[in-house]
Amino acid sequence: MASFIEKLEKRAYNTPGGLLCVGIDPHIDTHMHTRPSEAQQDLYNRCVQLIQQTHTHAIAYKPNLAFFMASGLDGLSVLKKVCDYIPNDIPTLLDCKCGDIGSSSEMYVHSYYNILGVDGVTVHPYMGEDSIKPFIKHTNKGVFILSKTSNMGSNMSQHTTHAHTQLPLYLHIARTYKNIAQKAIEEGEQLACIGLVVGATAPHELKNVRKEWPNVWILSPGLGAQQADLYSTLKAGLREDGHGLILPISRGITQHQDARKAAEEWHTLINNTKQEILQETCAQTYAI
Ligand SMILES: O=c1ccn([C@@H]2O[C@H](COP(=O)(O)O)[C@@H](O)[C@H]2O)c(=O)[nH]1
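Calculation notes
Residues numbered from 1 in each chain as written. Predicted model: local features only at pLDDT ≥ 70, side-chain atom pairs only at ≥ 80, totals over all residues. Heavy atoms only, no water. Near = heavy atom within 4 Å. Polar contact = N/O pair within 3.5 Å; in protein donor to acceptor, adjacent residues only side chain to side chain. Nonpolar A, V, L, I, M, F, W, Y, C, P; charged D, E, K, R; others polar. Pairing = 2+ DSSP bridges. Helix = DSSP H or I, 4+ residues; strand = E, 2+ residues; numbered from the N terminus. Expected span 1.5 Å × (residues − 1). Buried < 20%, exposed > 50% of the residue type's maximum accessible area, 1.4 Å probe, protein only. Arc of directions from axis to C-beta.

A. Representation of the site of the ligand within the structure. Surveying the vicinity of the ligand reveals 13 residues, the closest of which are Asp-25, Asn-64, Ser-150, Gln-226 and Arg-251. At 2.7 Å from an oxygen atom of the ligand is found a side-chain nitrogen or oxygen belonging to Asp-25. One of the side-chain nitrogen or oxygen atoms of Asn-64 is found 2.9 Å away from an oxygen atom of the ligand. Tallied by class, residues from the shell around the ligand come to 3 nonpolar, 5 polar and 5 charged.

Structure representation (structure tokens):
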């Protein structure tokens, strides 16, 4: 079976534009009292419809665990069915932001990798390397570590200066995991594809992270409902080869009247903006 990175690269390189990730965040009315079986079917139908309407343009799907847990045990069973429904050649990245002491992380690994069968996860770095090791030792998976999140409050913790490196924490995290990935390559050790989460709402930090780790895959949420600027995101985060970014959009697609049209519009906008930036870069190179 293809690994996370094999699936991602194939999708990203073969889809024109190749950056759009569709977020599967089914907003439910938690006060609505429908019969559980109906609610479960409704949740499933909504997700399936979204996948049917967007799969041509998606390089990955990103379901967020919270939106399924909000429907209790039924929601978790829908999540499993939705993960199974996602076409096998499109990687599924579960947004669960987990990480715990090693033995507990192993249980998350089992739940997400073996039971749900997702290709990748998001993890938080605050409990240190040993909390992330259980996730990254699975070589066929993708593990996206929170570096700089898209919310306003991220400034409070993620910009504090690290005592040893004197770097802002988000950059210290990027450097730490770059070193881990590079050391593994040098020592011939196989690891998962390690990526970073850097919000599209933070182009300055995105640029710094890209400079720090030129070839890393970055998951960059914030376009659409969070109003990040697409041009600044691409300018700051694209790799030299025009790839390396995964742009998840949830509400910007699902809250549109027509999800198919919204995905198409985002896809075109992303593709056009990317071409514009690549041409600018090319012109600058030849002008030197
Ligand atoms: O820094 C982060 C990390 C994760 N997210 C998640 O991405 C989606 C964004 O949803 P939109 O509707 O496109 O705003 C959602 O699941 C967040 O929990 C993030 O926004 N920022």
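Moving on, there is more to tell.
B. View of the sheet that holds strand β1 (residues 20-24). Ordered in space as β2-β1-β8-β7-β6-β5-β4-β3, the 8 strands form an open sheet in which the pairing is parallel. Strands at the two margins of the open sheet, each flanked by one partner only, are β2 (60-63) and β3 (93-98). Summarising the sheet, strand β6 (residues 193-198) and strand β7 (residues 218-219) pair through 2 bridges and their orientation is parallel. In the sheet register, Val-197 faces β7, and the bridge partner there is Leu-219.

C. Focus on helix α4 (residues 72-85). Over its 14 residues, α4 runs 20 Å from end to end, which matches the ideal 20 Å to within 8%, given 1.5 Å per residue. Among the residues of α4, Gly-75, Val-78, Leu-79, Val-82 and Cys-83 are the ones counted as buried. For α4, the angular spread of buried residues about the axis comes to 140°, placing them on one side. Along α4, the residues that are exposed and aim more than 90 degrees away from the buried face are Leu-73 and Asp-84.

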